[in-house]
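The lines below spell out each chain.
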Amino acid sequence: MAALIFPIIGNAASSTILRNSFVTIINGNNNLDVKKKSKLYATPNKILTGFGRVSSAFSTSTTITNQSSEEKVYETVLKQAALVREQQQLDQNTDIIINGDLLNEAYERCAEVCAEYAKTFYLGTLLMTPERRRAVWAIYVWCRRTDELVDGPNASHITPKALDRWEKRLNDLFEGRPYDIYDAALSDTISKYPVDIQPFKDMIEGMRLDLKKSRYNNFDELYLYCYYVAGTVGLMSVPVMGIEPESKISAESVYNAALALGIANQLTNILRDVGEDARKGRVYLPQDELANFSLSDEDIFCGQVTDKWRSFMKAQIKRARMFFDEAEKGVTELNAASRWPVWASLVLYRQILDEIEANDYNNFTRRAYVNKAKKIVSLPLAYAKAFAGSYKLPELVQS
């Protein structure tokens, strides 16, 4: 169950245009056939460049066992910020060539998916430059496809080996060898921006956790899961969205804000979906904190709103809001044309916490959501927050 900085991935029915792409992942046949390759790779109108990356700011073999999850994740944050600061020149692999018209089609297909499943965010991307918006669409589609591996209609068929194949496909994509038209859009994107592979690999690791883990002993464990499935999106997106040139804060601070927004969104998702997850046998709440309020899994499965549950939920909501507060510190430092869709995500998602409170903390049988009228009112508020004291307002960008 991933909650992305893009609002929002996991709630709509799977699109046919995406659904068919999972067949090769499930069956293990990841290669395009010759005819498809001959159509995809055609004329030298556009070069898709791939490049190797030094993997993992923290790997399983080198992780210091007494590090907290936040310390581990911060190492990745530092690495991503360094890539943006350096604006390093990427090595180009001119062996991989794609027809320019087909590349345009790839981005258009990504736009269709974004428009269908993240309407508000999609509208916000129209304020970005054409190149940036296309790149964000490509990242969105990869994240959605990854999430649907474990949460979509084919989830019951997904195995750890299928995720291993998806990760190999990711490695090939970063080396300039896309498997299909959606991969081609992302492969082109990573050739233009200092996007690192590690957050993408970490998101796949979050999907692995969903296959094997349905309980989290403490918040440290839950934080790492939230980073994997949602915080990673912020790290993927900042290089594309860009940091305001006149920003007075460090790149690390902006990345921390993007990470905090992903964590806040995912914590909100978890609190909203307690009942839905319980019916699947999943409890994403810290077990030790439940025990501190004299609660257990059985209380969640019974689904009774008690004073103990209300007290527990108040503490959980308070923590989620703290992460939203942390996110606000850096979101206004994004490039002016990129801020509004991110602020819209922050404002709308934060209101879900208000709705949980309005439902008297009944997240067992009532699903908190922000209705259309409140969204319409909130979007101008998000726009105002995005550019309060701004260096400059964005101009509407023509396609």
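Reading guide: rules and limits
- Residues numbered from 1 in each chain as written.
- Predicted model: local features only at pLDDT ≥ 70, side-chain atom pairs only at ≥ 80, totals over all residues.
- Heavy atoms only, no water.
- Helix = DSSP H or I, 4+ residues; strand = E, 2+ residues; numbered from the N terminus.
- Buried < 20%, exposed > 50% of the residue type's maximum accessible area, 1.4 Å probe, protein only.
- Polar contact = N/O pair within 3.5 Å; in protein donor to acceptor, adjacent residues only side chain to side chain.
- Contact = heavy atoms within 4.5 Å.
- Core = buried A, V, L, I, M, F, W, Y, C linked by side-chain atoms within 4.5 Å.
- Axes fitted to C-alpha atoms, helices over the stretch in contact; angles between N-to-C directions.
- Parallel < 35°, antiparallel > 145°, perpendicular 65-115°, else oblique.
- Left-handed = near helix turned anticlockwise from the far one by under 90°.
- Nonpolar A, V, L, I, M, F, W, Y, C, P; charged D, E, K, R; others polar.
- Salt bridge = Lys/Arg side-chain N within 4 Å of Asp/Glu carboxyl O.

Visitor: Summarise unusual backbone geometry; cite the residues concerned and give the values.
Guide: For D360, which is not a glycine, the phi torsion comes out positive at approximately 60°. Along the chain, D360 falls in the loop between α17 (336–358) and α18 (372–387). One non-glycine residue with positive phi stands out, namely Y361, at about 65°. Structurally, Y361 is set in the loop between α17 and α18.

Visitor: Could you give me a rundown of the side chain of S338, with the residues and numbers involved?
Guide: Tracing the backbone through its elements, the reader meets S338 in helix α17. Judged by its relative accessible area of 0%, S338 is buried. Only 2.8 Å separates the side chain of S338 from the backbone oxygen of M241, close enough to count as a polar contact. Other than its neighbours up to four places away in sequence, S338 contacts M128, R132 and M241.

Visitor: Explain the nonpolar core to me, and be specific about the residues and the numbers.
Guide: One finds W142, L222, L285, I300, W309 and I356 to be the most contacted residues of the largest nonpolar core, which totals 114 residues. The element contributing the most residues to this core is helix α11 (residues 219–241), with 16 residues. Residues within four places of L285 in sequence aside, it is in contact with Y216, I270, L271, V274, L290, I300, W309 and F312.

Visitor: I'd love a proper account of the packing of helix α5 (residues 100–117) against helix α7 (residues 130–151), names of residues and values included.
Guide: One way to put it is that α5 packs onto α7 with a least axis distance of 8 Å and a crossing angle of 65°. In terms of their interaxial angle, α5 and α7 are classed as roughly perpendicular. Handedness of the α5/α7 crossing: left-handed. In this structure, α5 contributes N104, Y107, C110, A111, V113, C114 and Y117 to the contact, and α7 contributes R134, A135, W137, A138, Y140, V141 and R144. Residues of the contact of α5 with α7, tallied by class, amount to 11 nonpolar, one polar and two charged.

Visitor: Now, about the packing of helix α12 (residues 251–272) against α17: what can you tell me, with residues and values included?
Guide: For the pair α12 and α17, the least separation of the axes is 10 Å and the interaxial angle reads 30°. Classified by the angle their axes make, α12 and α17 are roughly parallel. Relative to α17, the crossing made by α12 is left-handed. Here α12 contributes L261, N265, T268, N269, L271 and R272 to the contact with α17, which in turn contributes V342, S345, L346, Y349, I352, L353 and I356.

Visitor: Can you explain the pattern of salt bridges? Please cite residues and give values.
Guide: Side chains carrying opposite charge are able to pair once their charged atoms draw close together. Per the stated rule, a full pass over the model turns up 31 salt bridges. Across the pair R367 and D273 runs a salt bridge whose closest N-O atoms are separated by 3.6 Å. Taken together, the positions of R367 in the loop between α17 and α18 and D273 in the loop between α12 and α13 (274–278) put the pair 94 residues apart, joining distant regions of the chain. Residue D273 is classed as buried on the basis of its relative accessible area of 6%. Several salt bridges share partner residues, and in doing so they unite D164, E167, K201, E205 and R208 into one network.

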